[in-house]
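Read off the chains here:
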Amino acid sequence: MTTYAADYTDAAEELVQELVRVVKVRRLYGPDHPQRAGIEEAAIERIGALLDAHGTIELKVEESRFLADDRPVYATEAKRESLPWILHREGIRLVAFYQGLTLQELLGFVEDVARVAEGGEDEADDMLVTRLWEQNFYHLRYTFVERVQEEEWAPAFAEEEESLAAGPPIHVDPEEVAAGPETIRRIREDEGALYFLDEEDVATLQAEIEAENKRVLVDDFLTCLRELLVNPVADRVEPILQALDDVQSRLLEDGQYAHVAKLHQLFVPFLESDRPDERALRAFAELRSRALSERTLGTLAARVEAGNLEDRVAASYYRTFAQEDPVALLSRIGDLKRLCQRPAISEALAEIASERLEALRRALTSDDLRAAGAAAFLAGHLGDPRLVDALAHALESDDPAIRREVVLALKQLGGGRALDAVARAVDDPDPAVRLYALRHLVAHRYEPGFPFVAEAVQGEAWRERSPTEQRLLFEAYGALGGQRALEDLSGRVKGGGLFRKPDPEEAACALVGLGAIGSGGARAVVEAALGSKNSLIAQTARQVLDRWSAGAPEPS
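What this report covers is the structure whose coordinates are included nearby. From a predicted model like this one, the values you see are computed outputs, not experimental measurements. Along every chain, residues carry numbers that run from 1 in the direction the sequence is written. Confidence filtering applies because this is a predicted model: local features only for residues at pLDDT of at least 70, side-chain atom pairs given and counted only at 80 or more, and all residues used for totals across whole chains, interfaces and linings. Remark: hydrogens and water are excluded; side-chain values derive from all non-hydrogen atoms of the structure.

### Some thoughts on the packing of aromatic side chains
Under the convention used in this document: Think of it this way: a Phe, Tyr or Trp ring, Trp meaning its six-membered ring, pairs with another when their centres are within 6.5 Å, and the plane angle makes it stacked under 30 degrees, edge-to-face over 60, tilted otherwise. Only DSSP runs of H or I covering at least 4 residues are called helices, and only runs of E covering at least 2 are called strands; the numbering of each starts at the N terminus. Throughout, exposure labels follow a simple rule: accessible area from a 1.4 Å probe, protein chains only, divided by the maximum for the residue type, with under 20% read as buried, over 50% as exposed, and the rest as partly exposed.
On inspection of all chains with the given rule, the structure shows eight aromatic pairs. With 5.5 Å between their ring centres and 10° between their planes, phenylalanine 450 and tyrosine 477 make a pair best called stacked. With phenylalanine 450 in helix 23 (residues 450-457) and tyrosine 477 in helix 24 (residues 467-481), this pair connects stretches of sequence that are 27 residues apart. An identical accessibility class is assigned to phenylalanine 450 and tyrosine 477; each is buried.

Here is the structure:
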């Protein structure tokens, strides 16, 4: 039986080796070769097992190596065919692989990396980040920086929430629980049908019986406390409320989240009646507050990640307390993207969002930035077009990280109204938001967004943007404007007349725009630019023609 590394960094090293193997086999064999298919299938199986064991594996990218938890897991010479060097050159600084990664996603990632590597260092308008953006990966995410920017940024809430240590194990007084060992002894003596149980089987059965006895004990105890509140035998309720507080604290400490949820569910009829006084209402509000505290939810998420808590139990817990305060849940839940890689939790959160759309809308514009960012991610995850207006309003947030999440959510929703909101972000103060918006408009060739792009191209403000964004902006100008942009772009390539030479940077950007138009008139201008004495202009013209030959928009 194949075994997989238990240590996180060993697992990361094994994942990288599989990734490199897939890259190498692509160079050796054609896409239909059985040897290549076999290696690719074996690689995704091994990587899938690693991700099942560890949940997520993150690789920090440097020029000549990959790191996991700041420890090198792969090192090689920094050269053109080196995987770390390619990613680092393209601005990628972190790659995260999530549980559930598919063969299609793995091969899509490898194919894009290989194509950019084969295209050479000067393929500026065919960047890896642009290719990956168009893939819509769900189980693979990356952090990138602009080549001309020194400061690295990551999508909102990509940082790990600090995992809190789990509480001590439960210690139950034997007198409080039915005699499990005695039950086991009777089974072994009286039931011959179980003669085949060995000592390990017996121990497992005994643990199950003790757990069931404990569950019954907790349920009975909570039911008794409820009856004492509903039908009090004394005027003082403080001891009962204090007992509930003690029980919840102990259950949370022991990681018994199903029991905590049951506690609050049991008392719903009482709280909705006219029986509770102000003291009881205040006490239960405090109980709910502690059940939704950042420490509680952080510990819960850490236990899920460590495999010490079933996904379905966490999902049930979220469902229970989201009914009380969904905004508080979203602001403290932890790494929502990581949690949503788990089907049971993902389904529960989508269900919560769909049932509480109004609360989700409020969270999008909340002053709590973590709640707003989580709500934006969840809106995209849900994909409900009724949230488009709220997301468009959230694009006015002062926080650039929130606006990035909003644009990503609008991308997931799709449709004309979502695209219209994205089009308005092409002049956002944050360069990452602008790049997201431009790539989305180009991918959909959303012509109604042309006025926003045209306004950004006019004047000299576009020169203040990075080279990558300049080219992408002109690509959007050509893709959305078509023949409307042809004359302007042609003029920028040819210059201002006999005695005014074209600006090389502007002409190169205009050639990219002409490449997006793809008409016969555009081809004529591009072909004429091949004879330019300026190397940048001639080189860009060649790149545009090569892209047409490779299958980009053919001139008509």
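More follows now that the structure is in view.
### Digging into helix 8 (residues 238-253)
The condition that has to hold: The length a helix should cover is 1.5 Å for every residue beyond the first.
In this model, helix 8 (16 residues) spans 22 Å end to end at C-alpha, consistent with the 22 Å of a helix rising 1.5 Å per residue. Among the residues of helix 8, those classed as buried are Ile240, Leu241, Ala243, Leu244, Asp245, Val247, Gln248, Leu251 and Leu252.

### Things to note about the sheet that holds strand 3 (residues 71-75)
Here is the rule we go by: Strands were regarded as paired on the criterion that DSSP finds at least two bridges between them. Here the axes come from fitting lines to C-alpha atoms, over the contacting stretch only for helices, and the angles between their N-to-C directions go from 0 to 180 degrees. We call two residues in contact whenever any of their non-hydrogen atoms come within 4.5 Å of each other.
Within the open sheet, the five strands sit side by side as 3-2-1-4-5. Their pairing is antiparallel. Each end of this open sheet is capped by a strand with a single partner; those strands are strand 3 and strand 5 (140-144). Across the sheet, the mean angle separating the axes of adjacent strands is 25° when strand polarity is ignored. Sheet analysis places strand 1 (residues 56-61) next to strand 4 (residues 92-98), joined by five bridges and oriented antiparallel. Among the inter-strand pairings, isoleucine 57 is bridged to a residue of strand 4, identified as phenylalanine 97. Running over the sheet, helix 2 (residues 34-54) touches strand 1 and strand 4 and is turned about 105° from strand 1.

### Focus on the environment of glycine 531
One can find glycine 531 in the loop between helix 27 (520-529) and helix 28 (535-550). Sequence separation between glycine 531 and alanine 541 is ten residues; the distance between their C-alpha atoms is 9.3 Å.

### A short note on the nonpolar core
If you look at soluble globular proteins, the nonpolar side chains tend to sit buried side by side. To keep it simple, the criterion reads: We define a nonpolar core as any set of buried Ala, Val, Leu, Ile, Met, Phe, Trp, Tyr and Cys residues linked to one another through side-chain atoms lying within 4.5 Å.
Membership of the largest hydrophobic core comes to 157 residues, with the highest contact counts inside it found for Leu87, Ile92, Tyr318, Val453 and Leu514. Tallying contributions element by element places helix 1 (residues 8-28) first for this core, with eight residues.

### Observations concerning the pairing of strand 2 (residues 65-68)
Of the strand pairs in this sheet, strand 1 and strand 2 are connected by two bridges, and their pairing is antiparallel. The partner of lysine 60 across the bridge, within strand 2, is leucine 67. Where strand 2 lies against strand 3, four bridges are found, and the strand directions are antiparallel. Paired with phenylalanine 66 across the bridge in strand 3 is tyrosine 74.

### Some words on the pattern of salt bridges
How we decide: Any carboxyl oxygen of Asp or Glu within 4 Å of a side-chain nitrogen of Lys or Arg constitutes a salt bridge here.
Counting across every chain of the model gives 36 salt bridges. One salt bridge in this structure joins arginine 386 and aspartate 384, with 2.7 Å as the shortest N-O distance. For arginine 424, the salt bridge goes to aspartate 420, with nearest N and O atoms at 3.3 Å. When its relative accessible area of 55% is taken as the criterion, arginine 424 is described as exposed. Shared partners join several salt bridges into a network, and the residues in it are Glu460, Arg463, Asp488, Arg492, Asp503 and Glu506.

### Some words on the packing of helix 13 (residues 311-322) against helix 16 (residues 343-355)
Keep this limit in mind: Any angle that falls under 35 degrees is termed roughly parallel, while one over 145 is termed roughly antiparallel, one within 65 to 115 roughly perpendicular, and all others oblique. The hand of a helix crossing depends on one turn: near helix anticlockwise from the far one by less than a right angle means left-handed, and clockwise means right-handed.
Helix 16 packs onto helix 13 with a crossing angle of 15° between their chain directions and a minimal axis gap of 8 Å. With respect to their mutual orientation, helix 13 and helix 16 come out roughly parallel. Our pair here, helix 13 against helix 16, has a crossing hand that is right-handed. Contacts between helix 13 and helix 16 involve Asp311, Arg312, Ala314, Ala315, Tyr318, Arg319 and Ala322 on the former and, on the latter, Ala344, Ile345, Glu347, Ala348, Leu349, Glu351 and Ile352.

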